[in-house]
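Fold and geometry: a report
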Amino acid sequence: MPDRGFTHTQLAARAAYLLRGNDLGTMTSAAPKLYPHMWSWDAAFVAVGLAPLSVERAVVELDTLLSAQWSNGMIPHIVFANGVDGYFPGPSRWAVSELAAHAPDGVQTSGITQPPVHAIAVQRILDHGRRHGRSTRAVAEEFLDRRWADLVRWHRWLARARDLEGNGRIALYHGWESGMDNSPRWDAAYANVVPGPIPAYLREDLVHVSDAGQRPTDAEYNRYLWLLEEMKGVRYNDEELTTAMSFAVEDVFVSAVFSLSCEVLAVIGEEHSRPHADVRDLYGWAERFRWGVIATTDERTGAARDFDLRSGKWIATETLAMFAPLLCGGLPRATELALLRTFEGPKFCGHPDLRYAVPPSTSPVSKDFRSREYWRGPVWPVMTWLYSWAFARRGWAERANMLRAEGLRQAADGSFAEYYEPFTGEPLGSMQQSWTAAAVLDWLG
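Reading the values: the criteria
- Residues numbered from 1 in each chain as written.
- Predicted model: local features only at pLDDT ≥ 70, side-chain atom pairs only at ≥ 80, totals over all residues.
- Heavy atoms only, no water.
- Pairing = 2+ DSSP bridges.
- Helix = DSSP H or I, 4+ residues; strand = E, 2+ residues; numbered from the N terminus.
- Axes fitted to C-alpha atoms, helices over the stretch in contact; angles between N-to-C directions.
- Contact = heavy atoms within 4.5 Å.
- Disulfide = S-S within 2.5 Å.
- Buried < 20%, exposed > 50% of the residue type's maximum accessible area, 1.4 Å probe, protein only.
- Parallel < 35°, antiparallel > 145°, perpendicular 65-115°, else oblique.
- Left-handed = near helix turned anticlockwise from the far one by under 90°.
- Nonpolar A, V, L, I, M, F, W, Y, C, P; charged D, E, K, R; others polar.
- Phe/Tyr/Trp six-rings, centres within 6.5 Å; stacked < 30°, edge-to-face > 60°.
- Core = buried A, V, L, I, M, F, W, Y, C linked by side-chain atoms within 4.5 Å.
- Salt bridge = Lys/Arg side-chain N within 4 Å of Asp/Glu carboxyl O.

Considering the sheet that holds strand β6 (residues 313-315)
- The sheet built from four strands is open, its strands ordered β3-β4-β5-β6 with antiparallel pairing. In the strand order of this sheet, the two ends are held by β3 (170-172) and β6, each with one partner. On average, each strand axis in the sheet is tilted by 30° relative to the strand beside it, whichever way the strands run.
- Sheet topology note: the β3/strand β4 (residues 249-251) ladder contains three bridges and is antiparallel. In the strand pairing of β4, Leu-172 is matched with Val-249.
- Relative to the sheet, helix α12 (residues 252-271) contacts β3, β4 and β5 (306-308), its axis offset from that of β4 by approximately 45°.

Below is the structure:
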(Lines give C-alpha, C1' and ligand atoms only; values in the text may rest on other atoms or scores of the structure.)
Protein backbone atom coordinates (compact mmCIF):
# COMPACT_ATOMS: atom_id res chain seq x y z
CA MET A 1 0.00 0.00 0.00
CA PRO A 2 1.15 3.59 -0.53
CA ASP A 3 2.52 5.30 2.57
CA ARG A 4 0.28 8.31 2.00
CA GLY A 5 -2.32 9.64 -0.38
CA PHE A 6 -4.41 7.39 -2.58
CA THR A 7 -4.80 3.63 -2.40
CA HIS A 8 -3.78 1.60 -5.42
CA THR A 9 -7.41 1.24 -6.51
CA GLN A 10 -7.99 4.97 -6.24
CA LEU A 11 -4.71 5.71 -7.98
CA ALA A 12 -5.58 3.46 -10.93
CA ALA A 13 -8.96 5.14 -11.27
CA ARG A 14 -7.38 8.61 -11.22
CA ALA A 15 -4.75 7.59 -13.78
CA ALA A 16 -7.43 6.22 -16.12
CA TYR A 17 -9.46 9.40 -15.67
CA LEU A 18 -6.40 11.50 -16.51
CA LEU A 19 -5.76 9.64 -19.76
CA ARG A 20 -9.40 10.05 -20.75
CA GLY A 21 -9.15 13.75 -20.00
CA ASN A 22 -6.00 14.13 -22.12
CA ASP A 23 -7.53 12.16 -25.01
CA LEU A 24 -7.89 14.32 -28.14
CA GLY A 25 -9.73 11.61 -30.04
CA THR A 26 -7.05 9.80 -32.00
CA MET A 27 -4.07 10.97 -29.96
CA THR A 28 -3.34 11.69 -26.32
CA SER A 29 -1.72 15.00 -25.44
CA ALA A 30 1.48 14.47 -23.48
CA ALA A 31 0.13 16.98 -20.93
CA PRO A 32 -2.86 19.28 -21.35
CA LYS A 33 -1.09 22.62 -20.92
CA LEU A 34 2.66 22.34 -21.38
CA TYR A 35 2.66 19.58 -24.02
CA PRO A 36 -0.69 19.73 -25.84
CA HIS A 37 0.36 17.56 -28.80
CA MET A 38 1.60 13.98 -29.34
CA TRP A 39 5.25 13.18 -28.57
CA SER A 40 6.76 10.03 -30.04
CA TRP A 41 8.13 8.23 -27.00
CA ASP A 42 5.36 9.63 -24.81
CA ALA A 43 2.86 8.01 -27.20
CA ALA A 44 4.56 4.64 -26.82
CA PHE A 45 4.41 4.82 -23.04
CA VAL A 46 0.83 6.11 -23.21
CA ALA A 47 -0.08 3.06 -25.30
CA VAL A 48 1.48 0.87 -22.60
CA GLY A 49 -0.87 2.48 -20.05
CA LEU A 50 -3.90 2.37 -22.34
CA ALA A 51 -3.48 -1.34 -23.15
CA PRO A 52 -4.88 -2.67 -19.83
CA LEU A 53 -7.82 -0.25 -20.17
CA SER A 54 -8.55 -0.70 -23.88
CA VAL A 55 -6.40 -2.52 -26.40
CA GLU A 56 -8.46 -0.87 -29.11
CA ARG A 57 -7.62 2.64 -27.87
CA ALA A 58 -3.93 1.74 -27.44
CA VAL A 59 -3.89 0.62 -31.08
CA VAL A 60 -5.41 3.94 -32.18
CA GLU A 61 -2.59 5.77 -30.36
CA LEU A 62 0.16 3.96 -32.22
CA ASP A 63 -1.76 4.08 -35.50
CA THR A 64 -1.91 7.88 -35.23
CA LEU A 65 1.80 8.10 -34.56
CA LEU A 66 2.73 5.73 -37.37
CA SER A 67 0.47 7.61 -39.77
CA ALA A 68 2.84 10.56 -39.30
CA GLN A 69 5.93 8.47 -40.13
CA TRP A 70 8.19 10.03 -42.75
CA SER A 71 8.66 8.21 -46.04
CA ASN A 72 12.33 7.56 -45.18
CA GLY A 73 11.18 5.64 -42.06
CA MET A 74 11.74 8.27 -39.37
CA ILE A 75 9.10 8.64 -36.67
CA PRO A 76 9.07 12.36 -35.79
CA HIS A 77 9.28 13.46 -32.19
CA ILE A 78 6.12 15.58 -32.34
CA VAL A 79 2.86 15.05 -34.20
CA PHE A 80 0.92 18.30 -33.96
CA ALA A 81 -2.78 18.21 -33.13
CA ASN A 82 -4.90 20.21 -35.56
CA GLY A 83 -6.14 23.52 -34.21
CA VAL A 84 -4.19 23.29 -30.95
CA ASP A 85 -1.90 26.18 -30.08
CA GLY A 86 0.17 26.89 -26.99
CA TYR A 87 3.44 25.13 -27.79
CA PHE A 88 6.70 26.47 -29.18
CA PRO A 89 8.35 25.62 -31.52
CA GLY A 90 5.19 24.82 -33.45
CA PRO A 91 4.79 23.51 -37.01
CA SER A 92 5.49 26.82 -38.70
CA ARG A 93 8.90 27.03 -37.00
CA TRP A 94 9.83 23.51 -38.11
CA ALA A 95 8.46 24.07 -41.62
CA VAL A 96 8.95 20.43 -42.56
CA SER A 97 6.00 20.40 -44.97
CA GLU A 98 7.73 23.07 -47.04
CA LEU A 99 11.32 21.87 -46.70
CA ALA A 100 11.57 18.13 -46.09
CA ALA A 101 11.17 15.78 -49.05
CA HIS A 102 10.23 12.88 -46.77
CA ALA A 103 7.71 14.69 -44.55
CA PRO A 104 4.21 13.15 -44.52
CA ASP A 105 1.26 14.66 -46.35
CA GLY A 106 -1.75 15.91 -44.43
CA VAL A 107 -0.14 16.02 -40.98
CA GLN A 108 2.20 18.49 -39.30
CA THR A 109 5.28 17.15 -37.52
CA SER A 110 8.63 18.22 -36.15
CA GLY A 111 11.82 17.36 -38.02
CA ILE A 112 13.72 15.26 -35.47
CA THR A 113 13.13 11.93 -33.73
CA GLN A 114 13.05 10.42 -30.20
CA PRO A 115 14.05 7.17 -28.45
CA PRO A 116 12.63 4.06 -30.18
CA VAL A 117 10.64 2.50 -27.34
CA HIS A 118 7.64 1.64 -29.52
CA ALA A 119 8.26 -2.11 -29.76
CA ILE A 120 7.72 -2.30 -26.00
CA ALA A 121 4.26 -0.81 -26.47
CA VAL A 122 3.49 -3.28 -29.27
CA GLN A 123 4.47 -6.14 -27.00
CA ARG A 124 2.22 -4.86 -24.20
CA ILE A 125 -0.69 -4.47 -26.62
CA LEU A 126 -0.26 -8.08 -27.79
CA ASP A 127 0.05 -9.30 -24.18
CA HIS A 128 -3.18 -7.61 -23.13
CA GLY A 129 -4.88 -8.71 -26.35
CA ARG A 130 -4.22 -12.34 -25.41
CA ARG A 131 -5.68 -11.78 -21.93
CA HIS A 132 -8.86 -10.04 -23.01
CA GLY A 133 -10.35 -12.67 -25.30
CA ARG A 134 -10.62 -13.59 -28.95
CA SER A 135 -12.00 -10.34 -30.39
CA THR A 136 -9.49 -8.16 -28.56
CA ARG A 137 -6.65 -10.44 -29.54
CA ALA A 138 -7.79 -10.12 -33.14
CA VAL A 139 -7.58 -6.31 -32.88
CA ALA A 140 -4.01 -6.51 -31.57
CA GLU A 141 -2.90 -9.00 -34.21
CA GLU A 142 -4.55 -7.08 -37.03
CA PHE A 143 -2.65 -4.00 -35.88
CA LEU A 144 0.60 -5.97 -36.05
CA ASP A 145 -0.26 -7.17 -39.55
CA ARG A 146 -1.05 -3.62 -40.66
CA ARG A 147 1.94 -1.91 -39.09
CA TRP A 148 4.70 -4.52 -39.10
CA ALA A 149 6.36 -3.11 -42.22
CA ASP A 150 6.24 0.43 -40.78
CA LEU A 151 7.85 -0.70 -37.52
CA VAL A 152 10.64 -2.51 -39.36
CA ARG A 153 11.12 0.51 -41.64
CA TRP A 154 11.52 2.70 -38.55
CA HIS A 155 14.20 0.41 -37.13
CA ARG A 156 15.93 0.14 -40.48
CA TRP A 157 16.12 3.93 -40.78
CA LEU A 158 17.76 4.23 -37.37
CA ALA A 159 20.28 1.49 -38.17
CA ARG A 160 21.19 2.98 -41.55
CA ALA A 161 20.76 6.76 -41.24
CA ARG A 162 21.92 7.25 -37.66
CA ASP A 163 24.82 4.82 -37.18
CA LEU A 164 27.24 7.26 -38.78
CA GLU A 165 30.45 5.41 -37.97
CA GLY A 166 29.05 1.91 -38.38
CA ASN A 167 29.96 1.10 -34.78
CA GLY A 168 26.53 0.24 -33.38
CA ARG A 169 25.62 3.57 -31.80
CA ILE A 170 22.81 5.98 -32.68
CA ALA A 171 23.87 9.52 -33.55
CA LEU A 172 21.69 12.46 -32.53
CA TYR A 173 21.70 15.98 -33.93
CA HIS A 174 19.76 17.61 -31.10
CA GLY A 175 19.54 17.00 -27.36
CA TRP A 176 15.76 16.81 -27.78
CA GLU A 177 16.25 13.59 -29.74
CA SER A 178 17.61 11.95 -26.59
CA GLY A 179 14.43 12.73 -24.65
CA MET A 180 16.73 14.08 -21.93
CA ASP A 181 16.85 17.62 -23.26
CA ASN A 182 19.18 19.47 -20.88
CA SER A 183 20.98 16.54 -19.30
CA PRO A 184 24.59 17.21 -18.19
CA ARG A 185 25.44 14.62 -20.85
CA TRP A 186 25.17 17.34 -23.48
CA ASP A 187 26.83 20.30 -21.73
CA ALA A 188 30.17 20.05 -23.55
CA ALA A 189 28.57 19.37 -26.94
CA TYR A 190 26.21 22.31 -26.54
CA ALA A 191 29.06 24.57 -25.44
CA ASN A 192 30.45 24.19 -28.95
CA VAL A 193 27.17 25.26 -30.58
CA VAL A 194 27.46 28.96 -31.45
CA PRO A 195 24.04 30.34 -32.38
CA GLY A 196 23.76 32.59 -35.40
CA PRO A 197 20.78 34.84 -36.12
CA ILE A 198 17.60 33.28 -34.70
CA PRO A 199 14.10 34.54 -35.54
CA ALA A 200 12.35 36.06 -32.52
CA TYR A 201 10.43 33.68 -30.28
CA LEU A 202 8.39 33.47 -27.10
CA ARG A 203 8.87 30.50 -24.79
CA GLU A 204 5.48 28.93 -24.09
CA ASP A 205 6.93 26.54 -21.48
CA LEU A 206 7.54 29.36 -18.99
CA VAL A 207 3.88 30.37 -19.25
CA HIS A 208 2.88 26.99 -17.82
CA VAL A 209 5.77 26.37 -15.39
CA SER A 210 6.12 29.51 -13.30
CA ASP A 211 9.44 28.51 -11.68
CA ALA A 212 11.98 29.04 -14.47
CA GLY A 213 14.54 27.11 -12.40
CA GLN A 214 12.74 23.89 -13.29
CA ARG A 215 13.26 24.47 -17.03
CA PRO A 216 16.20 24.88 -19.43
CA THR A 217 17.72 28.37 -19.52
CA ASP A 218 17.24 30.96 -22.28
CA ALA A 219 20.85 30.39 -23.39
CA GLU A 220 20.10 26.69 -23.76
CA TYR A 221 16.96 27.48 -25.74
CA ASN A 222 18.91 29.68 -28.14
CA ARG A 223 21.16 26.72 -28.91
CA TYR A 224 18.17 24.40 -29.31
CA LEU A 225 16.63 26.76 -31.86
CA TRP A 226 19.87 27.36 -33.71
CA LEU A 227 20.19 23.63 -34.32
CA LEU A 228 16.71 23.72 -35.79
CA GLU A 229 17.84 26.45 -38.18
CA GLU A 230 20.83 24.32 -39.20
CA MET A 231 18.48 21.44 -40.02
CA LYS A 232 16.21 23.68 -42.04
CA GLY A 233 19.25 24.96 -43.93
CA VAL A 234 19.80 21.48 -45.41
CA ARG A 235 16.08 20.72 -45.69
CA TYR A 236 16.31 17.89 -43.15
CA ASN A 237 18.30 15.77 -45.60
CA ASP A 238 19.80 12.75 -43.80
CA GLU A 239 23.06 12.77 -45.73
CA GLU A 240 23.67 16.50 -45.39
CA LEU A 241 22.84 16.55 -41.68
CA THR A 242 25.92 14.43 -41.01
CA THR A 243 28.18 17.39 -41.79
CA ALA A 244 25.88 20.40 -41.39
CA MET A 245 25.06 20.01 -37.70
CA SER A 246 27.25 21.62 -35.04
CA PHE A 247 25.81 19.16 -32.51
CA ALA A 248 26.35 15.47 -33.21
CA VAL A 249 26.66 12.88 -30.45
CA GLU A 250 26.45 9.11 -30.15
CA ASP A 251 23.82 8.51 -27.49
CA VAL A 252 24.51 5.35 -25.51
CA PHE A 253 21.07 5.33 -23.85
CA VAL A 254 19.17 5.58 -27.15
CA SER A 255 21.50 2.94 -28.60
CA ALA A 256 20.70 0.55 -25.74
CA VAL A 257 16.97 1.23 -26.13
CA PHE A 258 17.31 0.54 -29.84
CA SER A 259 19.10 -2.77 -29.24
CA LEU A 260 16.45 -3.78 -26.72
CA SER A 261 13.58 -2.75 -29.02
CA CYS A 262 15.06 -4.59 -31.99
CA GLU A 263 15.18 -7.77 -29.91
CA VAL A 264 11.63 -7.28 -28.62
CA LEU A 265 10.33 -6.75 -32.15
CA ALA A 266 12.33 -9.73 -33.45
CA VAL A 267 10.74 -12.00 -30.83
CA ILE A 268 7.30 -10.68 -31.79
CA GLY A 269 8.17 -11.37 -35.42
CA GLU A 270 9.13 -14.94 -34.66
CA GLU A 271 5.99 -15.57 -32.61
CA HIS A 272 3.75 -14.14 -35.34
CA SER A 273 5.49 -15.61 -38.39
CA ARG A 274 6.68 -12.32 -39.84
CA PRO A 275 9.12 -12.40 -42.80
CA HIS A 276 12.32 -14.22 -41.96
CA ALA A 277 14.46 -11.46 -43.47
CA ASP A 278 12.91 -8.86 -41.17
CA VAL A 279 13.44 -11.01 -38.08
CA ARG A 280 17.03 -11.72 -39.11
CA ASP A 281 17.72 -8.01 -39.60
CA LEU A 282 16.17 -7.11 -36.23
CA TYR A 283 18.26 -9.67 -34.37
CA GLY A 284 21.33 -8.45 -36.23
CA TRP A 285 20.71 -4.84 -35.23
CA ALA A 286 20.03 -5.87 -31.64
CA GLU A 287 23.42 -7.57 -31.51
CA ARG A 288 25.31 -4.81 -33.31
CA PHE A 289 23.99 -2.05 -31.10
CA ARG A 290 24.38 -4.10 -27.94
CA TRP A 291 28.09 -4.41 -28.60
CA GLY A 292 28.22 -0.77 -29.64
CA VAL A 293 26.97 0.11 -26.16
CA ILE A 294 29.33 -2.31 -24.41
CA ALA A 295 32.30 -0.83 -26.30
CA THR A 296 31.71 2.47 -24.48
CA THR A 297 31.83 1.03 -20.97
CA ASP A 298 34.41 1.26 -18.21
CA GLU A 299 35.92 -2.21 -17.72
CA ARG A 300 35.74 -1.99 -13.92
CA THR A 301 32.42 -0.25 -13.24
CA GLY A 302 30.46 -1.08 -16.39
CA ALA A 303 29.36 2.56 -16.71
CA ALA A 304 28.55 3.54 -20.30
CA ARG A 305 29.59 6.77 -22.03
CA ASP A 306 28.28 8.92 -24.83
CA PHE A 307 30.60 10.18 -27.57
CA ASP A 308 30.85 13.69 -29.03
CA LEU A 309 31.38 13.26 -32.75
CA ARG A 310 32.38 16.89 -33.23
CA SER A 311 35.09 17.10 -30.55
CA GLY A 312 36.06 13.43 -30.81
CA LYS A 313 35.79 13.05 -27.03
CA TRP A 314 34.04 10.60 -24.74
CA ILE A 315 31.33 12.00 -22.49
CA ALA A 316 31.34 10.43 -19.03
CA THR A 317 28.58 11.67 -16.71
CA GLU A 318 26.85 10.34 -13.64
CA THR A 319 23.38 10.21 -15.17
CA LEU A 320 20.82 7.51 -15.93
CA ALA A 321 22.54 6.93 -19.27
CA MET A 322 25.52 5.29 -17.59
CA PHE A 323 23.20 2.34 -16.84
CA ALA A 324 22.37 1.75 -20.51
CA PRO A 325 23.98 -1.75 -20.49
CA LEU A 326 21.43 -2.86 -17.89
CA LEU A 327 18.76 -2.32 -20.55
CA CYS A 328 20.35 -4.19 -23.43
CA GLY A 329 22.68 -6.63 -21.67
CA GLY A 330 26.09 -7.79 -22.85
CA LEU A 331 28.34 -6.94 -19.91
CA PRO A 332 30.43 -9.67 -18.26
CA ARG A 333 28.59 -10.88 -15.17
CA ALA A 334 31.02 -9.41 -12.64
CA THR A 335 30.98 -6.02 -14.36
CA GLU A 336 27.20 -6.07 -14.59
CA LEU A 337 26.94 -6.74 -10.86
CA ALA A 338 29.25 -3.79 -10.22
CA LEU A 339 27.01 -1.55 -12.33
CA LEU A 340 23.91 -2.80 -10.50
CA ARG A 341 25.60 -2.00 -7.18
CA THR A 342 26.13 1.57 -8.41
CA PHE A 343 22.48 1.79 -9.50
CA GLU A 344 21.24 0.55 -6.13
CA GLY A 345 23.93 2.25 -4.05
CA PRO A 346 24.40 5.73 -2.56
CA LYS A 347 25.11 7.41 -5.91
CA PHE A 348 21.61 6.67 -7.15
CA CYS A 349 18.65 4.71 -5.70
CA GLY A 350 20.35 4.11 -2.36
CA HIS A 351 21.30 7.73 -1.65
CA PRO A 352 20.35 8.24 2.02
CA ASP A 353 18.50 11.51 1.43
CA LEU A 354 16.17 10.31 -1.33
CA ARG A 355 12.48 10.38 -0.48
CA TYR A 356 11.92 7.24 -2.56
CA ALA A 357 14.42 4.61 -3.68
CA VAL A 358 14.09 5.34 -7.39
CA PRO A 359 16.80 6.57 -9.77
CA PRO A 360 17.26 10.35 -10.11
CA SER A 361 18.10 11.57 -13.60
CA THR A 362 21.54 12.78 -12.41
CA SER A 363 23.38 11.41 -9.38
CA PRO A 364 22.95 13.52 -6.22
CA VAL A 365 26.72 13.25 -5.66
CA SER A 366 27.54 14.69 -9.10
CA LYS A 367 28.76 18.26 -9.44
CA ASP A 368 26.14 18.67 -12.18
CA PHE A 369 23.21 17.72 -9.93
CA ARG A 370 20.31 20.20 -9.65
CA SER A 371 17.44 18.80 -7.63
CA ARG A 372 14.67 20.79 -9.37
CA GLU A 373 15.96 21.28 -12.91
CA TYR A 374 14.43 19.00 -15.51
CA TRP A 375 16.93 16.25 -16.47
CA ARG A 376 19.68 17.50 -14.15
CA GLY A 377 18.47 15.75 -11.01
CA PRO A 378 14.71 15.20 -10.65
CA VAL A 379 13.18 11.73 -10.69
CA TRP A 380 11.15 10.86 -13.78
CA PRO A 381 8.56 8.13 -13.06
CA VAL A 382 8.62 6.95 -16.66
CA MET A 383 12.34 6.16 -16.30
CA THR A 384 11.63 4.22 -13.11
CA TRP A 385 9.05 2.29 -15.12
CA LEU A 386 11.46 1.60 -18.00
CA TYR A 387 14.21 0.24 -15.78
CA SER A 388 11.67 -1.77 -13.77
CA TRP A 389 10.27 -3.28 -16.97
CA ALA A 390 13.74 -4.03 -18.34
CA PHE A 391 14.84 -5.63 -15.06
CA ALA A 392 11.76 -7.87 -15.04
CA ARG A 393 12.47 -8.85 -18.64
CA ARG A 394 16.01 -9.81 -17.69
CA GLY A 395 14.78 -12.01 -14.84
CA TRP A 396 15.63 -9.66 -11.99
CA ALA A 397 12.19 -9.91 -10.40
CA GLU A 398 13.15 -8.64 -6.95
CA ARG A 399 14.86 -5.54 -8.33
CA ALA A 400 11.96 -4.87 -10.70
CA ASN A 401 9.40 -5.22 -7.91
CA MET A 402 11.34 -2.86 -5.65
CA LEU A 403 11.34 -0.14 -8.32
CA ARG A 404 7.64 -0.73 -8.93
CA ALA A 405 6.78 -0.48 -5.23
CA GLU A 406 8.82 2.69 -4.73
CA GLY A 407 7.48 4.20 -7.96
CA LEU A 408 3.93 3.64 -6.77
CA ARG A 409 4.71 5.16 -3.37
CA GLN A 410 6.00 8.25 -5.16
CA ALA A 411 2.93 8.44 -7.39
CA ALA A 412 0.49 8.05 -4.51
CA ASP A 413 -0.03 11.82 -4.23
CA GLY A 414 -2.09 11.56 -7.43
CA SER A 415 -0.49 14.57 -9.15
CA PHE A 416 1.01 12.44 -11.96
CA ALA A 417 3.76 15.03 -12.32
CA GLU A 418 6.25 15.12 -15.15
CA TYR A 419 9.09 14.74 -12.61
CA TYR A 420 9.67 14.97 -8.85
CA GLU A 421 12.17 16.57 -6.50
CA PRO A 422 14.23 13.58 -5.34
CA PHE A 423 14.67 14.58 -1.69
CA THR A 424 11.27 16.01 -0.81
CA GLY A 425 9.07 14.20 -3.32
CA GLU A 426 7.58 17.51 -4.47
CA PRO A 427 5.85 17.22 -7.88
CA LEU A 428 7.55 19.42 -10.48
CA GLY A 429 7.21 20.45 -14.11
CA SER A 430 3.92 19.72 -15.82
CA MET A 431 1.11 18.14 -13.83
CA GLN A 432 -1.31 15.57 -15.27
CA GLN A 433 1.46 14.09 -17.40
CA SER A 434 0.07 11.26 -19.53
CA TRP A 435 3.10 8.99 -19.44
CA THR A 436 3.29 9.19 -15.65
CA ALA A 437 -0.32 8.02 -15.44
CA ALA A 438 0.48 5.33 -18.00
CA ALA A 439 3.39 3.99 -15.92
CA VAL A 440 1.10 3.73 -12.89
CA LEU A 441 -1.58 1.91 -14.89
CA ASP A 442 0.90 -0.65 -16.17
CA TRP A 443 2.30 -1.20 -12.68
CA LEU A 444 -1.21 -1.76 -11.37
CA GLY A 445 -2.60 -3.52 -14.45
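Brief notes about the state of the cysteines
- Summed over all chains, the structure comprises zero disulfides.
- The thiol sulfur of Cys-328 is not disulfide-bonded, and the nearest other cysteine sulfur, from Cys-262, lies at 11 Å.
- Left unpaired, Cys-349 is separated from the closest cysteine sulfur, that of Cys-328, by 18 Å.
- Note on Cys-349: relative accessible area 9%, which makes it buried.

Concerning the packing of α12 against helix α13 (residues 276-294)
- The contact between α12 and α13 brings their axes to 8 Å, and the two run at 155°. Between α12 and α13, the interaxial angle falls into the category roughly antiparallel. The element α12 and its partner α13 pack so that their crossing is left-handed. Contacts from Val-252, Ser-255, Ala-256, Phe-258, Ser-259, Cys-262, Glu-263, Leu-265, Ala-266, Val-267, Gly-269 and Glu-270 of α12 reach α13 at Val-279, Leu-282, Tyr-283, Trp-285, Ala-286, Phe-289, Arg-290 and Val-293.
- When grouped by side-chain class, the residues that make up the contact of α12 with α13 number 14 nonpolar, three polar and three charged.

Considerations on the packing of aromatic side chains
- Applying the stated criterion to the full structure yields 32 aromatic pairs.
- Note on Tyr-201 and Tyr-221: the rings are 6.5 Å apart at their centroids and 25° apart in plane angle, and the pair reads as stacked. One end of the pair, Tyr-201, is in the loop between α8 (187-191) and α9 (205-208); the other, Tyr-221, is in helix α10 (residues 218-233), and 20 residues separate them in sequence.
- Between Trp-380 and Trp-435, the ring centres sit 6.3 Å apart and the planes meet at 85°, which makes this aromatic pair edge-to-face.

Here we look at helix α2 (residues 40-50)
- Burial of α2 is extensive: 11 of the 11 residues sit out of reach of the surface.
- Listed as buried for α2 are Ser-40, Trp-41, Asp-42, Ala-43, Ala-44, Phe-45, Val-46, Ala-47, Val-48, Gly-49 and Leu-50.

A look at the nonpolar core
- Among the nonpolar cores identified, the biggest contains 151 residues, and Phe-253 and Met-383 are the most heavily contacted of them.
- For this core, the element with the most residues is α12, which contributes 12 residues.
- Excluding its chain neighbours within four sequence positions, the residues that come into contact with Met-383 are Trp-41, Met-180, Phe-253, Leu-320 and Trp-375.

Notes on unusual backbone geometry
- Looking along the chain, the bond that leaves Phe-88 and enters Pro-89 is cis, with omega of 0°.
- Relative to the helices and strands, Pro-89 is located in the loop between β2 (78-79) and α4 (91-94).
- One non-glycine residue with positive phi stands out, namely Phe-416, at about 50°.
- Here Phe-416 lies in the loop between α17 (397-411) and β7 (419-420).

Some remarks on the pattern of salt bridges
- On inspection of all chains with the given rule, the structure shows 36 salt bridges.
- The closest approach of N and O atoms between Asp-150 and Arg-147, which form a salt bridge, is 2.9 Å. Of this pair, Asp-150 and Arg-147 are both found in helix α7 (residues 134-161), three residues apart, which corresponds to roughly one turn of the helix. In this pair, the class of Asp-150 matches that of Arg-147, namely buried.
- A salt bridge links Asp-281 to Arg-280; the nearest nitrogen and oxygen atoms lie 3.6 Å apart.

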